[in-house]
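Listed here are the chains, written in short residue letters.
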Amino acid sequence: MQATGGIAGAQAADRADLLQPNDTRGVPIADGVKQGLGPAGLQAGGPQGSGLTRAERRMGGTLRWFSRFPRALPLAIFITIFAMTLLGVWAIERAESDARRADLEQLAVEAGAALERRANANAAYLRSGAALFASQDSVPVPMFQTFVGQLRLDSNFRGADGIGWAARVNTGDIAAFENRMREVGVADFAVHPLPRADQAYAVPVTNLQPETERNRRALGFNMFSEPVRREAMMEAEDSARPTASGRVVLVQEGDVDAAGFLVYMPVFHTGADGMRELKGYIYSPFNAQDFVDSAMQGMENRAVQMAIYDETVAPDRLMAQRATGEAGGESVRKIVQIANREWVLELHSLRPATLSQLSLIALIAGLICSTLALAIAWLLTRQAVEARQVIELLEEQAAIRNSLTRELNHRVKNTLANVLSIVSLTRRRADSIDNFAESLDGRIRALSATHDLLTQSEWGTTPVRSVIEVEMAPYAQGRDAVVEMNGPHVELAPNDALSMGLAIHELATNAAKYGALSTAEGKVEVDWDMVSDDLVRVRWRESGGPEVLQDRKRGFGTDLIEKIVAHELRNPVELVFEPTGVRCTMLIPVRSRSEFVLRAKRMKQRIDRAQA
């Protein structure tokens with residue numbers, strides 16, 4: 001019992017020392033230095049808990065910030081200056097955009113006024129023509145030609161195909177009307193298409209000046225048969241003023257799908273009874289694009305994209321458009337009155353090729369300033385980091401010496417305590433010097449083999465498979481398939497690996513002397529699996545060996561496994577001597593690496609960087 005307490009006490013003290021946060025015994029070297037443990041064992045932050053390391057407290061305020069944030073602070077300075085630059089560029093571009101919008105609105109006013117002036121001039125010509133036809137019972141072709149010629153359409157009425165007269169002809173009088181037109185010199189004159197049965201009259205194109213091949217195509221066309229023209233004529237009759245039609249394709253265009261419109265002015269005859277009767281319409285046909293181009297003379301060089309729609313913005317309502325480049329972001333809409341009908345004038349500013357000159361200058365200047373600030377901040381950061389590393393190096397060297405001395409003393413004490421416990425227990429069970437030496441030698445070697453593994457990992461975690469392989473290596477050499485190992489990758493803490501190594505050694509030694517490993521037919525199976533996130537189960541099973549005697553005496557290996565190992569692992573160990581072979585099940589805790597790992601390698605790297 002005294003020996004059992006020796007190993008248990010030594011290893012329990014080992015675990016306790018490793019896990020005590022306020023004790024320097026067993027504390028990882030890097031962690032100890034990070035906490036600022038100097039020769040006096042004081043934390044660098046001081047008793048007031050200022051949160052600053054001793055190296056930072058010895059540096060100036062500016063360098064302290066640069067050393068604390070060696071990457072973030074220079075980058076933050078660069079981003080701040082560059083963000084201010086971008087904000088300035090945005091403000092400049094916003095002002096440029098507002099200027100373009102103001103210019104666009106002014107251009108929309110000018111364009112709308114030009115279109116309305118052109119439409120009003122046409123309305124004035126139609127009103128004078130309506131007065132002529134209202135005052136005469138009939139207007140012969142020569143008289144109408146003289147009237148239109150005096151209007152000087154070539155110079156004052158650009159954009160229109162001319163001025164025409166369309167008489168109102170009752171359905172029953174169409175044949176007689178066609179004969180009269182042929183008699184006055186209009187060969188092959190015919191009204192087309194004829195009115196529907198529900199229409200009382202037709203409004204054919206009777207005369208269209210100037211007489212051109214293009215205008216002669218329209219003679220005889222019954223404009224009242226087409227819905228868009230009919231709607232405009234009826235609106236003009238009701239309002240008794242010039243009225244424009246919607247989007248149509250003029251008969252003069254032939255097969256060309258070009259947008260056009262007509263402006264109608266009704267002509268009435270007042271009878272003796274004072275009743276007003278519609279005689280017909282004097283009208284003007286327009287190619288919409290020609291009309292807009294003529295109205296916009298003098299604005300051809302304005303950098304803008306223009307589109308004009310009939311009443312609403314839609315692809316099928318497009319009347320005309322003008323573009324000198326790709327449209328940009330600003331746009332303006334304006335309603336224009338064209339002969340008692342609304343047009344929508346839509347203007348878009350052209351997309352600038354690049355930023356404005358002022359914005360480019362501001363952007364380049366800001367980028368240069370940001371880069372210079374970044375370079376200066378980076379130099380300050382290097383200076384601050386180097387200064388901090390020099391100060392920390394001096395502190396860490398003293399801390400490393402103290403920590404290594406304490407750690408070595410602690411490890412030696414634990415190892416000697418384990419050895420003394422094993423010697424004491426082996427001596428009690430040995431019946432001869434040879435038996436004592438052999439048992440002691442095997443257990444010391446098992447402890448040494450596991451120590452070698454822990455040293456290789458710098459007393460960090462050790463895989464379960466590695467511990468089993470090291471302990472089973474002397475028994476598996478030169479034999480085929482006697483030891484089978486299977487399980488996931490699981491790493492154990494140093495003390496737990498030592499305890500498991502001792503248990504595997506005792507089981508292997510027993511199997512080599514009396515169990516499955518003593519015969520060629522014997523086999524040992526060792527498998528392990530995770531019971532939970534912090535517990536692994538290791539199972540040892542022997543088969544194919546000699547029959548296990550049930551009246552055997554209890555040995556040191558049994559006590560070691562059932563008492564010492566179980567105590568160290570803090571979980572019961574199930575050890576069963578079945579006739580077919582020994583079976584053992586151990587539950588081993590899986591601890592967090594941060595509880596015990598020595599970070600000497602990381603500390604060495606930090607020292608090397610500081611000295612570089």
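Note that the structure is a prediction, hence the values are computed from the model and not measured. (Residues numbered from 1 in each chain as written. Predicted model: local features only at pLDDT ≥ 70, side-chain atom pairs only at ≥ 80, totals over all residues. Heavy atoms only, no water.)

Caption draft 1: Structural detail: the environment of T85. Secondary-structure assignment places T85 in helix α5 (residues 72-135). Taking relative accessible area as the criterion, T85 reaches 11% and is therefore assigned buried. Put simply, T85 and G366 are 281 residues apart on the chain and 5.1 Å apart in space, counted from C-alpha to C-alpha. (Helix = DSSP H or I, 4+ residues; strand = E, 2+ residues; numbered from the N terminus. Buried < 20%, exposed > 50% of the residue type's maximum accessible area, 1.4 Å probe, protein only.)

Caption draft 2: Up close: helix α8 (residues 174-183). Taken residue by residue, α8 has I174, F177, E178 and M181 as its buried positions. Viewed end-on, α8 has its buried residues packed into an arc of 100°, placing them on one side of the element. A positive backbone phi angle near 110° is found at G185, which sits one or two residues after α8. (Arc of directions from axis to C-beta.)

Caption draft 3: Molecular detail of the pattern of salt bridges. Scanning the model with the defined rule gives 20 salt bridges in all. The residue D98 makes a salt bridge to R94 at a minimum N-O spacing of 3.9 Å. Here R94 and D98 lie together in helix α5, a separation of four residues that amounts to about one turn. Judged by relative accessible area, D98 falls into the partly exposed class, the value being 40%. What emerges from the salt-bridge pattern is a single network uniting D527, D529, R537, R539 and R541. (Salt bridge = Lys/Arg side-chain N within 4 Å of Asp/Glu carboxyl O.)

Caption draft 4: Layout of the packing of aromatic side chains. In this structure the tally under the stated criterion is 13 aromatic pairs. An angle of 10° between the planes, with centres 4.8 Å apart, marks the rings of F261 and F286 as stacked. Of this pair, F261 sits in strand β6 (residues 260-270) while F286 sits in strand β7 (residues 276-287), placing them 25 residues apart in sequence. Assessed through its relative accessible area of 2%, F286 is described here as buried. With a centroid separation of 5.8 Å and an interplanar angle of 75°, the aromatic rings of Y264 and Y281 are classed as edge-to-face. (Phe/Tyr/Trp six-rings, centres within 6.5 Å; stacked < 30°, edge-to-face > 60°.)

Caption draft 5: Looking closely at the pairing of strand β15 (residues 523-532). Taken together, the four bridges between strand β13 (residues 483-486) and β15 define a ladder with parallel strand orientation. Following the sheet pairing, E484 is matched in β15 by E525. Bridge count for β15 against strand β16 (residues 535-543) is nine bridges, and the pairing is antiparallel. Within the sheet, the bridge partner assigned to E525 lies in β16 and is R541. The turn linking β15 back onto β16 is made up of two residues. (Pairing = 2+ DSSP bridges.)

Caption draft 6: Representation of unusual backbone geometry in the model. Here H192 and P193 are connected by a cis peptide whose omega angle stands at -15°. Structurally, the position occupied by P193 is in the loop between α8 and β3 (201-202). Going from Q209 to P210, the amide bond is cis rather than trans, its omega being 0°. Locating P210 in the fold gives a position in the loop between β4 (205-209) and α9 (213-216). The backbone phi angle of D188 is positive, close to 55°, even though this residue is not glycine. Locating D188 in the fold gives a position in the loop between α8 and β3. Classification of D188 by relative accessible area gives exposed; the value is 73%. The phi torsion at A339 lies on the positive side, around 50°, for a residue other than glycine.

Caption draft 7: Quick look at helix α15 (residues 494-513). Between its first and last C-alpha, α15 extends 29 Å over 20 residues, near the 28 Å set by a 1.5 Å rise per residue. With 17 of 20 residues buried, α15 lies mostly within the body of the structure. (Expected span 1.5 Å × (residues − 1).)

Caption draft 8: Here's a closer look at the sheet that holds strand β1 (residues 163-167). Pairing is antiparallel in the open sheet, where five strands are placed in the order β4-β1-β7-β6-β5. Among the strands making up the open sheet, the edge pair consists of β4 and β5 (243-244). Strands in contact with α5 are β1, β6 and β7; relative to β6, the strand with the most contacts, it is inclined by about 30°. Contacts from helix α10 (residues 227-239) reach β5, β6 and β7, with the element oriented near 40° to β6. (Contact = heavy atoms within 4.5 Å. Axes fitted to C-alpha atoms, helices over the stretch in contact; angles between N-to-C directions.)

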